[in-house]
Amino acid sequence: VRSLVVRARQVVVAAGALRTPAILHGSGFSHPAIGRFLRVHPVPVVAGVMPQPIEMWRGPMQGARSLQFGDRTAEHEPYAIESAPGHPGLIALALPWESAEAHADLMTRVRHIAPLIAVTRDGGAGRTTLTRAGRVRVDYRLDDRGRATLRHALVRMAELLRAAGGQDIVAVGTRPAWLLGAQAAPERAWRRYVGELAAFDYAPNRGTILSAHQMGTARMGAAPREHVCDPRGRVRAGGASDAVVGGLYVADTSLFPTGLGVNPMLTVMVLARRVARTVLAEG
C-alpha cells in the first residue's frame, strides 16, 4: 500500500514505523515530522557452536533472557540478552560465511548453534523518506554510546556462550570475529578475543546490526509541529495547527514518542486498544 484516500468514515493505518510514514507521504500529507525521529533497537549477534544439539527452533524459541545489564551505566545504555529464535532460515541469513564450502559446513552444524542477541536501547536516531520510485529509504546513524553498548554486549554474550560450553564462538559482522576451540583456548587467546570484541568495528558495512523493532516516524504527542499525531492517534493536518484529519488514525509503533528500553509488544497492544476506543467513540 503506497497511498490512501480517506473515503470511508474511518481509516486506521497500522503498517509499522517504516511503512506508515511512506503511506502518509504518498497520500500527500506534508507534516514536517513525518518520517523523522526513527528509533530502533540495534541488535548485535554472537553465536556459539555447542557440543550437544540445541535445535533452537523447537519449543519456546525465545524463552530465555538476562536483564543483568538492564540499567544505564557509564559504560553502556541498558540492554537485555535474549536467546534468538535460531531456525535454519534465520541462521542461514544472519550468520557469516566466507565461501560456499564454509556456509555448507556451518549449516551442517545448525542443530548445535546457539545464537544470542542483545536488544539495546539506542542513542542514535534516523528518518525514513519516500523515493521517486515509491520505495522507503531508511537513514540511521548510531552515536558513540550506541556503539559502546554494542561492544559491551558482544563481550558479555561471548562470555556467556563460553561458560555454557561453546566450542566455537563468532561475533557477526563483515569480517566476523571467530574463536575456534573456545574451550581449549589458552587464557591469552581468550583475552585477545575479548579485546577484539571490545574494539569491534561498527563503521558502515562492518559490524552487523539487526533491528529488532522500529519506532517513531509518526509520533504522538502534544506539540503540533513535532508530533504527527495527537495523543489519541489522530493524524494532524500539519503546520502549527492542532487540527486533525477527520477519520484518519495511526495505531502502530510509529506512534512512539521515543525508543523504549524493552520489547514494545505490550506497549503497541495498549496503544492499539487506545486508538480503537477513539475510533469507536468518534464513529
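Look up a bit, the structure's there.
The shown structure was predicted, so the numbers you read here are calculated from the model rather than taken from an experiment.

Q: Run through the pairing of strand 9 (residues 168-171), naming residues and quoting values.
A: Neither face of strand 9 is open: one carries D168 and V170, the other I169 and A171, and all of them are buried. The pairing of strand 3 (residues 45-49) with strand 9 spans four bridges and is antiparallel. Bridge pairing in strand 9 places V49 opposite D168. Across three bridges, the pairing between strand 9 and strand 10 (residues 177-179) is antiparallel. In the strand pairing of strand 10, A171 is matched with A177. Where strand 9 hands over to strand 10, the hairpin turn is made up of five residues, of which R175 adopts a positive phi near 80 degrees.

Q: Go over helix 6 (residues 265-282) with me, naming the residues and quoting the values.
A: In a regular helix each residue adds 1.5 Å, so 18 residues correspond to 26 Å; helix 6 covers 26 Å between its end C-alpha atoms and thus fits that length. All buried positions along helix 6 are accounted for by L271, V275, T278 and V279. Along the axis of helix 6, the buried residues cluster in a sector spanning 100 degrees; they form a single face. More than 90 degrees from the buried face of helix 6, the exposed residues found are M265, L266, M269, V270, R273, R277, L280 and A281. The elements touched by buried residues of helix 6 are strand 1 (11-13), strand 12 (234-236) and strand 13 (244-250).

Q: Break down the pattern of salt bridges for me, with residues and values.
A: Counting across every chain of the model gives 13 salt bridges. For the salt bridge of R58 with E55, the shortest nitrogen-to-oxygen distance reads 2.6 Å. Its relative accessible area of 16% is what places E55 among the buried residues. Of the charged contacts in the structure, one is a salt bridge between R72 and E77, with a shortest N-O distance of 3.1 Å. Bridged by salt links that share partners, the residues E55, R58 and R111 form one connected network.

Q: How would you sum up the pairing of strand 2 (residues 39-43)? Please name residues and give values.
A: The buried fraction of strand 2 is high, at five of five residues. Neither face of strand 2 is open: one carries R39, H41 and V43, the other V40 and P42, and all of them are buried. The sheet contact formed by strand 2 and strand 11 (residues 210-215) spans four bridges and is antiparallel. Residue pairing across strands places V40 opposite Q214, the latter belonging to strand 11.

Reading the values: rules and limits
- Residues numbered from 1 in each chain as written.
- Predicted model: local features only at pLDDT ≥ 70, side-chain atom pairs only at ≥ 80, totals over all residues.
- Heavy atoms only, no water.
- Buried < 20%, exposed > 50% of the residue type's maximum accessible area, 1.4 Å probe, protein only.
- Helix = DSSP H or I, 4+ residues; strand = E, 2+ residues; numbered from the N terminus.
- Pairing = 2+ DSSP bridges.
- Expected span 1.5 Å × (residues − 1).
- Arc of directions from axis to C-beta.
- Contact = heavy atoms within 4.5 Å.
- Salt bridge = Lys/Arg side-chain N within 4 Å of Asp/Glu carboxyl O.

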